Amino acid sequence: MENKKAEAVMEAILFTMGDSVEIDKLAAVIEKDVKTTKKILSEMKEKYEEEERGLSLIELDGSVQLCTKNDMYEYLIKIAKAPRKLTLTDTLLETLSIVAYKQPVTRLDIERVRGVSCDHAVNRLIEFDLIKEVGRLDAPGRPLLFGTTEQFLRSFGLQSLEELPELNPVQLEEFKHQAEEEVELQLDI
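Moving on: helix H2 (residues 23–30). Buried within H2 are the following residues: Ile23, Leu26, Ala27 and Ile30. Projected onto a plane normal to the axis of H2, the buried residues spread over an arc of 105 degrees and lie on a single side. Opposite the buried face of H2, at more than 90 degrees from it, the exposed residues are Lys25 and Ala28. Of the surrounding secondary structure, the elements contacted by the buried residues of H2 are helix H1 (3–17), strand E1 (21–22), helix H3 (34–50), strand E2 (55–60) and strand E3 (63–68).

The strands making up a sheet are joined through hydrogen bonds of the backbone, oriented either antiparallel or parallel. Spatially, three strands are ordered E1-E3-E2 in an open sheet, and the strand pairing comes out antiparallel. Here the strands that pair on one side only, and so sit at the sheet edges, are E1 and E2. Bridge count between E1 and E3: two bridges; the pairing is antiparallel. Residue pairing across strands places Val21 opposite Val64, the latter belonging to E3. H1 rests against E1, E2 and E3 of the sheet, and its axis sits at about 70 degrees to E3.

Following the sequence through the fold, Ser117 ends up in the loop between helix H6 (107–114) and helix H7 (119–127). With a relative accessible area of 53%, Ser117 lands in the exposed category. Between the C-alpha atoms of Ser117 and Arg107, which are 10 residues apart in sequence, the distance is 8.4 Å.

So, about the packing of helix H5 (residues 90–102) against H6. Interaxial distance between H5 and H6 falls to 10 Å at its minimum, and their mutual angle equals 120 degrees. In this view, H5 runs oblique relative to H6, as classed from their interaxial angle. Helix-helix and strand crossings are classified by hand; for H5 and H6 the assignment is right-handed. Each of Thr91, Glu94, Thr95, Ile98, Val99 and Lys102 in H5 lies in contact with H6, whose residues at this interface are Ile110, Val113 and Arg114. Within the contact of H5 with H6, the residues separate by chemical class into four nonpolar, two polar and three charged.

Here we come to a negative patch on the surface. On the surface, a cluster of negative charge is made up of Glu59, Asp61, Glu162 and Glu163. Tracing the sequence through the fold places Glu163 in the loop between helix H8 (150–155) and helix H9 (169–188). Overall, the relative accessible area of 39% leaves Glu163 in the partly exposed class.

This part covers the pattern of salt bridges. With the rule as written, the count across this model stands at 10 salt bridges. The shortest N-O distance in the salt bridge between Glu94 and Arg114 comes to 2.8 Å. Placement of Glu94 in helix H5 and of Arg114 in helix H6 is noted, with a sequence separation of 20 residues between them. Judged by its relative accessible area of 13%, Arg114 falls in the buried class. Between Arg154 and Glu150 there is a salt bridge, with its nearest N and O atoms 3.4 Å apart.

Take H5 next. The periodicity of an α-helix, 3.6 residues per turn, causes residues three or four places apart in sequence to face the same way. Here H5 spans 18 Å end to end across 13 residues, near enough to the 18 Å set by a 1.5 Å rise per residue. Within the sequence span of H5, burial applies to Leu92, Thr95, Leu96, Ile98, Val99 and Ala100. Tucked into the core, H5 has its buried residues touching H6, H7, strand E4 (131–136), strand E5 (144–148) and H8.

Cut-offs and rules
Residues numbered from 1 in each chain as written. Predicted model: local features only at pLDDT ≥ 70, side-chain atom pairs only at ≥ 80, totals over all residues. Heavy atoms only, no water. Buried < 20%, exposed > 50% of the residue type's maximum accessible area, 1.4 Å probe, protein only. Helix = DSSP H or I, 4+ residues; strand = E, 2+ residues; numbered from the N terminus. Arc of directions from axis to C-beta. Contact = heavy atoms within 4.5 Å. Pairing = 2+ DSSP bridges. Axes fitted to C-alpha atoms, helices over the stretch in contact; angles between N-to-C directions. Parallel < 35°, antiparallel > 145°, perpendicular 65-115°, else oblique. Left-handed = near helix turned anticlockwise from the far one by under 90°. Nonpolar A, V, L, I, M, F, W, Y, C, P; charged D, E, K, R; others polar. Patch = residues over 30% accessible without salt bridge, like charges linked within 9 Å, V, L, I, M, F, W, Y side chains within 5 Å. Areas by Shrake-Rupley, 256 points an atom, 1.4 Å probe, with all protein chains shown as cover. Salt bridge = Lys/Arg side-chain N within 4 Å of Asp/Glu carboxyl O. Lys, Arg positive; Asp, Glu negative; His and termini not counted. Charge placed at Lys NZ, Arg CZ, Asp CG, Glu CD. Expected span 1.5 Å × (residues − 1).

Right, dumping it as C-alpha cells:
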C-alpha cells in the first residue's frame, strides 16, 4: 500500500474510532512496519499543524488519536452542548497523584499514604475516567488494583507516565511529615 493510501486509511480509522488506536494495530492494517507507520503518522501530524486545520494527532503511550484542536473549543460550544468541566478538589488531586506515581495501587495503599478513607475520591476519579481498575492483587481478599487511564494522559497533556515530573526527595519527606501531623491532629480531636 502506498503511503498516501496508508495515510487515508489511518485517518479514516482514527476518525471512525474516535478513541486512541495502538500504532502496531494501525501498522498491521496498512501492512507496514511500526517504524514506517510512525513516520507516516508524524507526517500527518505535521500536515494538521501546518495547514491550520481543526484537528490534531496526539500520541498516547504507543497509541494515537485524532482530536479537535484546543483553540476550536469556543466554536464547538456554539453548536454543541458545553462539556462538563472536571473539577478536581485537593482530595481528588492528592488521590490521583498517589495512583499516578504508585500504580498499580490498592485502596488500602492510598489510605495508608493519605491517612484517611479514599472511597469517595477513588469513585469520583473512576467516574471522571482518570483512573480504572487494572486487576487484582494476589493477596488475601484479592483487593482491586487501580491505575491511570489514557484520559488521565490526555487531561494532563502527557504522552506517557514517564513524563510525570520527578518527585523531589526532600519535598517528599516534608509531605510525609505534614501528612503524619494531620493524622495526629485528627486523632486528638
